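# Fold and contact review
Letter by letter, the chains look like this.
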Amino acid sequence: MKFALWAVVAAVGIATIMPHGPPSAPVAAVQRGEVAPPVAQLAGNGLAEVTLTRAPDGHFYADALINGATIHVLVDTGASTVALTRADAQAAGIQFSGGDFTATAQTAGGAVALKPITLDRVGIGAVEARNVDAVVVKSTLSVSLLGQSWLRRVGNVQIAGDRMVLR
């Protein structure tokens, strides 16, 4: 079980997401010459600060506000995107069915099915961002991951000793 969790964590962290089907609406719109969606803004205001303390297992966890729902997440600097468990996605108001998992991530244990989504709002304390790319992981994942699709929107992420500071 522990190996399976780490296989999924590693897969989401280093995976290349490969959609199976037509491009999403924003990409198709840009290809047709229409106005592209606005560029993502940085999270926080440069003054807000959140400090996380390393847990006994060596990771950083937080209670993030995702689409208005409080979701316990592992803050994973190695994950390429925010990855939600199916239960956390449902708590955040994300609807899906089995046929919605149209992307895959390659793991050491094989392919993992994903549903690409955009989250309206993701934040930890006053550090938040809107329109954050994410995925719902179809297979078992014990904790949702707050990865680079959100972290790169934070103005400054510092890890020193057992503290992670987000500004």
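Reading guide: rules and limits
- Residues numbered from 1 in each chain as written.
- Predicted model: local features only at pLDDT ≥ 70, side-chain atom pairs only at ≥ 80, totals over all residues.
- Heavy atoms only, no water.
- Helix = DSSP H or I, 4+ residues; strand = E, 2+ residues; numbered from the N terminus.
- Buried < 20%, exposed > 50% of the residue type's maximum accessible area, 1.4 Å probe, protein only.
- Contact = heavy atoms within 4.5 Å.
- Areas by Shrake-Rupley, 256 points an atom, 1.4 Å probe, with all protein chains shown as cover.
- Pairing = 2+ DSSP bridges.
- Axes fitted to C-alpha atoms, helices over the stretch in contact; angles between N-to-C directions.
- Lys, Arg positive; Asp, Glu negative; His and termini not counted.
- Salt bridge = Lys/Arg side-chain N within 4 Å of Asp/Glu carboxyl O.
- Polar contact = N/O pair within 3.5 Å; in protein donor to acceptor, adjacent residues only side chain to side chain.

To continue, consider the overall build of the protein. Broken down by element type, the protein carries four helices and 11 strands. Buried residues in the protein amount to 41% of all 167 residues. When contacts within the protein are restricted to residue pairs at least 6 apart in sequence, long-range pairs at least 24 apart make up 63% of them. Only carbon and sulfur atoms are counted for the fraction: they give 56% of the accessible area of the protein, which is about 8900 Å².

Bringing the sheet that holds strand E10 (residues 157–160) into the picture now. The three strands are arranged E2-E11-E10 in an open sheet whose pairing can be described as antiparallel. Single-partner strands in this sheet number two, and they are strand E2 (50–53) and E10. Each adjacent strand pair in this sheet contributes to an overall mean axis angle of 20°, direction not counted. Sheet topology places E10 next to strand E11 (residues 163–166); four bridges connect them, and they run antiparallel. Bridge pairing in E11 links Val-157 to Leu-166.

Here we come to the side chain of Arg-153. Locating Arg-153 in the fold gives a position in the loop between helix H4 (148–151) and E10. For the buried Arg-153, no salt bridge is present, and the opposite-charge side chain at shortest range is Asp-133, 6.9 Å distant. A polar atom in the side chain of Arg-153 sits 3.4 Å from the backbone oxygen of Asn-131.

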